[in-house]
Amino acid sequence: MNHRGIAWILLLLAALAVPCALAGGTSAVDEAGMVHTVALEPWTEGNNTGGTVLVHITQAPDGAESRRFIPGTDDFTLELDPVIDIDPVEDTPVVAWAQAENRSSSLYVARLVDGAWTEPYLVWADGSVNLAPEIDIRQNLLHIVWRQERQQPETMRLSLDRESLAPVYGPETLPMDQAGIGAPGDGTAPTDTPEPGLSYFASVVLPQVPEEPGRIITWGIRDEPVPVVYFQPFQIPLGIQSVRENDSQWLAGRFVTWFTSGPSFYYTTFDEGRWEELRLIDLSQGRSTAEALLLLQDLIRR
């Protein structure tokens, strides 16, 4: 990719960082306690630099580490937004990412098989900008959700066969309805009841103007080739103009939606058929998101 193309992608990413934030996971732990991390690093070959490479880093329970390039990314292409998850059947890592191509970006997946990474498998390419993939792997399907930038940004979902990676459902444009949307705990009735066993994905949509509230949206998907079955939007407080992380998940037997902004970890829990008011945990003294989740888990159990 030439310097003009790279500059265009960098400008594009700066522009797209504002309207919404999808959750992503760059680390995952397998059943043996091995931590698998995917890292995005600059690519250099001789005196030439440019592009990026995806690096798979492992850390064993005894502290031993290893690093290896994911083949097909060790060149002058520009990879973006890598995420990793563990296949629950094979207990091996799978990585998804976006790759810039001229004025568009496509989605790829690779998996570890018999100790070696497969070549990248093209998941989606339609000539538009596709970014920020998330993945969740179940017994039958691999679900991938991503942000697509066209004239009107959309969140898309595609489900693949877990073994062959062949598409079995989608792409599906996920609902973003705002009618009747309220804040957690304001008395607005839930749109649905969360249930265990679904793959949950969350996205924060930030306001276009400061006088309007943003919103966080959660979708739930079955391990079947069917449309999304759970949808819950919330307003977030006025004045929030940036979000670092967000997710919806089961924690200590309770369903939780959370996000981080500034020095605060905001969360709401679903209890006895209703959503509790939005609360926060202070992060200003160096507390991490992982530590906030552990604290929240303890609070739920009390």
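This text follows the structure it describes.
As the structure is a prediction and not an experimental result, all values here were calculated from the model. (Residues numbered from 1 in each chain as written. Predicted model: local features only at pLDDT ≥ 70, side-chain atom pairs only at ≥ 80, totals over all residues. Heavy atoms only, no water.)

### Digging into the sheet that holds strand β3 (residues 35-45)
Thought 1: In spatial order, the strands read β2-β3-β4-β5; together these four strands make up an open sheet with antiparallel pairing. Edge positions in the sheet fall to β2 (27-29) and β5 (65-69), since each has one partner strand and no second. On average, adjacent strands in this sheet sit at an angle of 30 degrees to one another, irrespective of strand direction.
Thought 2: As paired elements, β3 and strand β4 (residues 48-59) share ten bridges and run antiparallel to each other. Considered in β4, the bridge of Val38 is made with His56. (Pairing = 2+ DSSP bridges. Helix = DSSP H or I, 4+ residues; strand = E, 2+ residues; numbered from the N terminus. Axes fitted to C-alpha atoms, helices over the stretch in contact; angles between N-to-C directions.)

### Examining the nonpolar core
Thought 1: One finds Val123, Ile135, Leu142 and Ile144 to be the most contacted residues of the largest nonpolar core, which totals 22 residues.
Thought 2: For this core, the secondary structure elements donating two or more residues are β6 (78-87), β7 (92-101), β8 (104-113), β11 (129-137), β12 (141-149) and β13 (154-161).
Thought 3: When residues in this core are grouped by element, the largest group, five residues, is from β11.
Thought 4: With residues near it in sequence (within four places) discarded, Val123 still touches Leu107, Tyr108, Val109, Ile144, Leu158 and Leu160.
Thought 5: Of all hydrophobic cores here, the second largest spans 15 residues; its members include Phe234, Phe255, Phe259 and Trp275. (Core = buried A, V, L, I, M, F, W, Y, C linked by side-chain atoms within 4.5 Å. Buried < 20%, exposed > 50% of the residue type's maximum accessible area, 1.4 Å probe, protein only. Contact = heavy atoms within 4.5 Å.)

### Here's the deal with the pattern of salt bridges
Thought 1: Per the counting criterion, the structure on display carries ten salt bridges.
Thought 2: Among the salt bridges present, the one from Arg111 reaches Asp87, with a minimum N-O distance of 2.8 Å. With Arg111 in strand β8 and Asp87 in strand β6, this pair connects stretches of sequence that are 24 residues apart.
Thought 3: Take Asp87: its relative accessible area is 0%, and that puts it in the buried class.
Thought 4: Residues Glu149 and Arg147 are paired through a salt bridge, measuring 2.8 Å at the closest nitrogen-oxygen approach. Across the pair, exposure class does not vary: Glu149 and Arg147 are buried alike.
Thought 5: What you see here is one network of salt bridges that share partners, running through Asp87, Arg111, Arg162 and Glu163. (Salt bridge = Lys/Arg side-chain N within 4 Å of Asp/Glu carboxyl O.)

### Describing the pairing of β3
Thought 1: The sheet contact formed by β2 and β3 spans three bridges and is antiparallel. When the bridges of β3 are listed, Ala28 appears paired with His36.
Thought 2: Taking the residues that link successive antiparallel strands as the turn, the β3-β4 hairpin has two residues, and the phi of Gly46 there is positive, at about 65 degrees.

### Section: the packing of aromatic side chains
Thought 1: Scanning all chains against the criterion turns up 13 aromatic pairs.
Thought 2: Between Phe259 and Tyr266 the ring centres are 4.9 Å apart and the planes differ by 10 degrees, which places this aromatic pair in the stacked class.
Thought 3: The class for Phe259 is buried, based on a relative accessible area of 2%.
Thought 4: Given the relative accessible area of 16%, Tyr266 is considered buried.
Thought 5: Here the aromatic rings of Phe270 and Trp275 are separated by 5.2 Å at their centres, their planes lie at 65 degrees, and the arrangement is edge-to-face. (Phe/Tyr/Trp six-rings, centres within 6.5 Å; stacked < 30°, edge-to-face > 60°.)

### A look at unusual backbone geometry
Thought 1: Following Gly170, the chain continues into Pro171 via a peptide bond in cis, with omega recorded as 10 degrees.
Thought 2: By the element assignment, Pro171 lies in strand β14 (residues 167-173).
Thought 3: Although it is not a glycine, Asp91 adopts a positive phi angle of roughly 60 degrees.
Thought 4: Within the element layout of this structure, Asp91 appears in the loop between β6 and β7.
Thought 5: According to the relative accessible area criterion, Asp91 is partly exposed, its value standing at 24%.
Thought 6: With phi around 65 degrees, Leu165 is a residue other than glycine that occupies positive phi space.
Thought 7: Checked against the element boundaries, Leu165 lands in the loop between β13 and β14.

### Some thoughts on the environment of Leu141
Thought 1: Of note, Leu141 is situated in strand β12.
Thought 2: C-alpha separation for the pair Leu141 and Ile216, spaced 75 residues apart in sequence, amounts to 25 Å.
Thought 3: Not counting chain neighbours up to four residues away, the residues in contact with Leu141 comprise Asp136, Ser159, Leu160, Asp161, Arg162, Val168, Asp223, Glu224 and Pro225.

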